[in-house]
There are 2 protein chains.
Amino acid sequence: MSSNEMRQFVLAEVPKGKLSRDNFRLETAPVPTPGDGELLVKTRYISLDAANRAWMQGATYRDAVEGGDVMAGGILGEVIESNDPNFAPGDLVSADGGWREYVVLSGKVCQKQPNIEPKTHLMSVYGVTGLTAYFGFLEICQPKAGETVLVSAAAGAVGTMVGQIAKIKGCRVVGTTSTDEKCDWLINTMGFDAAINYRNGNIYKDMKEACPDGIDCYFDNTGGEILESALFQMNMHGRISCCGAVSSYDGAPPQGGPRGVPGLLVVKRLTMRGFIVSDFFEGSSVGTRTDAINQLKDWVDAGKIKVLEDIIDGFENVPDALVGLLAGENKGKRLVRVDD
Amino acid sequence: MSSNEMRQFVLAEVPKGKLSRDNFRLETAPVPTPGDGELLVKTRYISLDAANRAWMQGATYRDAVEGGDVMAGGILGEVIESNDPNFAPGDLVSADGGWREYVVLSGKVCQKQPNIEPKTHLMSVYGVTGLTAYFGFLEICQPKAGETVLVSAAAGAVGTMVGQIAKIKGCRVVGTTSTDEKCDWLINTMGFDAAINYRNGNIYKDMKEACPDGIDCYFDNTGGEILESALFQMNMHGRISCCGAVSSYDGAPPQGGPRGVPGLLVVKRLTMRGFIVSDFFEGSSVGTRTDAINQLKDWVDAGKIKVLEDIIDGFENVPDALVGLLAGENKGKRLVRVDD
């Protein structure tokens, strides 16, 4: 690879079943040149998110990623050249830059980031992850002290944040995850009140034991059986924040939705609401994006929120990092360090 | 039957499949005597509602109706004797009195009604039906002029009200119903912009034709396939008011819920919310119960709302009236006149 070449991963073909390393192809390409209003950005970190897999299933809140496309993904990068007066070389920016070592982006789709250390916090607690937990839980669930909060994919990036925010709000917090070891960790390290290994035994019965007073708020990262079981155990006027459906991302489309929709919504007067985090950036009953970051910073500084990052070194490891995330390998926010 | 006897219908056994006349048993019983704080009420009208069937499936927002119970149902009645100082003989009251000619009720569960004519309006537009449409549509859907509103069971009591309120709010209104004749009636008599016979052809395709700009608000009385089809055609930030699930009341419990839950809720940032009307009586963003009745009265007086009542004579016809309602026989609010 010459000095004006870079590496990138292309989605060779859209997976029909589980995603594997072989669905990606490593390529070299020329480092691109920015045009008017554009920036050349060097990738420092790549964010791995369950949503990356959902993008392969079709258009969502963004265009689908199709076979032959450079794989999409959130990055934290440094501006190397700028043809946009709002940015200068050396600036840190976040954007959907994709899985490549350099990228040219319009300044309009880049968000300038402050210089804080560790800068990975810009992709975890102060990035999409932390803000998703903040708005998706506080705005949609409107939790009250003493209520029972269930979080699925609780050991993941968003789940660990939701659980900690729920504890700050005085709730009883129960998480679902995929191993006994992660259950112990949720309880002993992360302060959850109870945890359920959804792969082990009877999810309905285990949930009933872990939530003896029913469920007031459910932060749903998974959909599927966990959502169905939660619907049957929600209390009157319960709130369900629909953040994702990871149970249905990595395989064939689900054949049916959860039983209890809409019957249980009527009988128990439940609210289910989907969102993406940017819906709330300009304002919500719990503030704007700036308010949210300030609040999260106060909680981090006060030691009330532990920032969990699972950082993997090396650009070449991005595909494995995503495959592993979908298999439930990580605790907290998974990132690949490309160059920092 | 002697003069101190009355007729009542008992649910002989909980139906396993479709409800039939034979599931009920006509009995005579002594006219009961009120105790302290109680009223003897003579039934004037009995309300027929799809929810009557749902009550046989198990506990909902009220106890289940079980085999051997006098069948439950809303009534409008006249106080004959009162041991509650808040009520006097001659007062009109509404309550869950059940299918019987006389009933003893605690004054606490009776709502005194004004003397208006026709008094059936107390059970349709100013009763649970009208209020359900008012709050369930305006509060949960928050419709805006120019939006497309879909209503299922559109020719029914609540559906006809929702459609008319949506037209008053400047929306494009589409209804689903069970016959071509009712489709024509919705369009030509009730002012709907389009109507879909869900028993005839392809619900997804017909809905797409009737809602070329997608659906912003869906008022769901049915659940099932119509809900699933609507979910796929909702616009970004759409709102679904979950009022009932009549598709699943009269038969075996459904095997699965609608596909697209929770995936489409996330991608399209939808809200689904169940309710029962009394949730809003004390206040909502569209007022209290009194505000709602005043607004409905203004609309009726101005000729903007047609009050549709389907009144069947004779206590002995109550079971057939419910069976027929579940089969989609009625247009507007179905009542049985017992004695007026």
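Computed from a predicted model, the values in this text were never measured in an experiment.

**Considerations on the overall build of chain A**
- Across its full length, chain A carries 9 helices and 15 strands.
- The C-alpha atoms of chain A give a radius of gyration of 20 Å, which matches the 20 Å a tight globule of 340 residues would have.
- Overall, the C-alpha framework of chain A stretches about 60 × 45 × 35 Å when taken along its three principal axes.
- When each of the 340 residues of chain A is scored for burial, the buried share is 56%.
- Expressed as a percentage of contacts within chain A between residues at least 6 apart in sequence, the contacts between residues at least 24 apart total 67%.
- When the accessible surface of chain A is summed, it comes to about 13600 Å², and 47% of that surface belongs to carbon and sulfur atoms.
- Both charge centroids of chain A, one from 34 positive and one from 44 negative side chains, sit 5 Å from each other.

**Points about the pattern of salt bridges**
All names here are of chain A.
- Taken as a whole, this structure holds 44 salt bridges over all chains when the rule is applied.
- Note that Lys-167 and Asp-193 form a salt bridge whose closest N and O atoms lie 2.8 Å from each other. Taken as a pair, Lys-167 in helix α3 (residues 157-168) and Asp-193 in the loop between α4 (180-188) and β10 (194-197) lie far apart in primary sequence, 26 residues in all.
- Under the relative-accessibility criterion, Lys-167 is labelled partly exposed at 31%.
- Connected via shared salt-bridge partners are Lys-42, Arg-44, Glu-78 and Asp-339.

**Some remarks on the packing of helix α2 (residues 128-141) of chain A against α3 of chain A**
Residues and elements named next belong to chain A.
- Orientation of α2 relative to α3, taken along the N-to-C sense of each, is 50°, at an axis distance of 8 Å. Overall, the two elements α2 and α3 adopt an arrangement that is oblique. The interaxial crossing formed by α2 with α3 has right-handed handedness. Across the interface between the two elements, Thr-129, Gly-130, Thr-132, Ala-133, Tyr-134, Phe-137 and Leu-138 of α2 pack against Ala-157, Val-158, Met-161, Val-162, Ile-165 and Ala-166 of α3.
- Split into classes, the residues belonging to the contact of α2 with α3 amount to 10 nonpolar, 3 polar and no charged.

**Remarks on the relation of the copies chain A and chain B**
- With an axial shift of 0.0 Å and an RMSD of 0.0 Å, the rotation relating chain A to chain B amounts to 180°. What the superposition gives is, in effect, a two-fold axis relating one chain to the other. Across chain A, the rotation axis passes nearest the C-alpha of Gly-257 of chain A, at a separation of 2.1 Å.
- The fraction of interface residues of chain A whose copies in chain B are also interface residues reaches 97%, indicating that both copies meet through the same surface.

**Description of the interface of chain A and chain B**
- At the interface, 31 residues of chain A touch 30 residues of chain B.
- For the pair chain A and chain B, the summed buried area comes to about 2300 Å², and 67% of that belongs to carbon and sulfur atoms.
- By the criterion of area lost to chain B, the three top residues of chain A are Pro-262, Val-266 and Arg-269 of chain A, representing 24% of everything that side buries.
- Seen at the junction of chain A and chain B, the total is 2 salt bridges.

**Some remarks on the side chain of Lys-268 of chain B**
Residues and elements named next belong to chain B.
- Tracing the backbone through its elements, the reader meets Lys-268 in the loop between α7 (263-267) and β13 (271-274).
- Notably, Lys-268 is buried but unbridged: the nearest opposite-charge side chain belongs to Asp-216, and the N-O separation is 10 Å.
- From its side chain, Lys-268 meets the backbone oxygen of Leu-231 in a polar contact 2.8 Å long.

**Regarding the domain arrangement of chain A**
All names here are of chain A.
- According to the domain assignment, chain A contains domain 1 (5-124 + 308-337) and domain 2 (128-301).
- Between domain 1 and domain 2, the C-alpha centre-to-centre distance is 27 Å.
- Surface buried jointly by domain 1 and domain 2 totals about 1600 Å² across both partners, of which 52% is contributed by carbon and sulfur atoms.
- Per-residue buried area on domain 1 facing domain 2 is highest for Gln-57, Leu-308 and Lys-331; these three make up 29% of the total on that side.
- Where domain 1 touches domain 2, the interface holds 2 salt bridges.
- For Arg-53, the salt bridge goes to Asp-250, with nearest N and O atoms at 2.8 Å.
- Along the contact surface separating domain 1 from domain 2 lie 10 residue pairs in polar contact (both at pLDDT 80 or more).
- Of all the elements in the fold, those that place two or more residues in the side of domain 1 that touches domain 2 are α1 (50-54) and β7 (111-113).
- In the side of domain 1 that touches domain 2, the residues fall into 9 nonpolar, 8 polar and 5 charged.

**Quick look at the confidence of the model for chain A**
- Scored by pLDDT, chain A comes out at a mean of 95, with 99% of its residues at no less than 70.
- Reported confidences for the modelled complex are a pTM of 0.94 and an ipTM of 0.92.

**Some details on the packing of aromatic side chains**
- Within this structure, the stated rule accounts for 18 aromatic pairs over all chains.
- Measuring from centroid to centroid gives 6.4 Å for Tyr-134 of chain B and Trp-299 of chain B, while their planes differ by 45°, and the two rings are tilted. Here Tyr-134 of chain B is found in helix α2 (residues 128-141), whereas its partner Trp-299 of chain B is found in helix α8 (residues 289-301), with 165 residues between them in sequence.
- By relative accessible area, which is 7% here, Trp-299 of chain B ends up buried.
- Ring-pair connections join several aromatic residues into one group, and the members of that group are Tyr-134, Phe-135, Phe-219, Phe-275, Phe-280, Phe-281 and Trp-299 of chain A.
- Residue placement shows Lys-112 of chain A over the ring face of Phe-87 of chain A; its charged tip is 5.4 Å from the ring centre.

Procedures and definitions
Residue numbers here run from 1 along each chain, matching the order of that chain's written sequence. Whichever chain is written first is A, and whichever ligand is written first is 1; the rest continue in order. Only residues with pLDDT of 70 or above have their local features reported here, since the model is predicted, and side-chain atom pairs are shown and tallied only from 80 upward, although totals for entire chains, interfaces and linings are computed over all residues. Hydrogen atoms and water are omitted, and side-chain values are computed over all heavy atoms in the structure. The way it works is that DSSP assigns letters per residue, a run of H or I at least four long becomes a helix, a run of E at least two long becomes a strand, and they are numbered from the N terminus. Radius of gyration here is computed from C-alpha atoms only, and the compact-globule reference equals 2.2 Å multiplied by the residue count raised to the power 0.38. Residue burial is assigned from relative accessible area. The probe radius is 1.4 Å, only protein chains are included, and a residue is buried under 20% of its type maximum, exposed over 50%, and partly exposed in between. A contact between two residues is defined here by any heavy atoms of the two lying within 4.5 Å. Only the protein chains shown count as covering a residue, and every accessible area follows the Shrake-Rupley method with a 1.4 Å probe. Charge assignment: positive for Lys and Arg, negative for Asp and Glu; neither His nor the chain ends contribute. For the purpose of locating charges, the reference atoms are NZ of Lys, CZ of Arg, CG of Asp and CD of Glu. For this document, the term salt bridge refers to a Lys or Arg side-chain nitrogen within 4 Å of an Asp or Glu carboxyl oxygen. In this analysis, axes come from line fits to C-alpha atoms, helices being fitted only over the stretch in contact, and the angle between any two N-to-C directions falls in the range 0 to 180 degrees. Roughly parallel here means an angle under 35 degrees, roughly antiparallel means over 145, roughly perpendicular means 65 to 115, and every remaining angle is called oblique. Crossings are classed by handedness, with left-handed meaning an anticlockwise turn of the near helix from the far one by less than a right angle and right-handed meaning a clockwise turn. We call Asp, Glu, Lys and Arg charged. Ala, Val, Leu, Ile, Met, Phe, Trp, Tyr, Cys and Pro are nonpolar, and the rest, Gly among them, are polar. C-alpha atoms of residues with pLDDT of at least 70 in both copies form the basis for the least-squares superposition of the copies. Buried area is a sum: the accessible area each of two parts loses on coming together, probed at 1.4 Å, counted once for each and added. Polar contact criterion, stated in full: a pair of N or O atoms within 3.5 Å, where within protein one must be able to donate a hydrogen and the other to accept it, and residues adjacent in sequence count only if both atoms are side-chain atoms. Domain start and stop positions are those given by an automatic or database domain assignment. The pLDDT value expresses, per residue, how confident the predictor is, ranging between 0 and 100. Only Phe, Tyr and Trp rings take part, Trp by its six-membered ring, and two of them pair if their centres are within 6.5 Å. Stacked means planes under 30 degrees apart, edge-to-face means over 60, and tilted covers everything else. Note on criteria: charge over ring means Lys NZ or Arg CZ within 6 Å of the ring centre, with the direction from the centre no more than 35 degrees off the ring normal.

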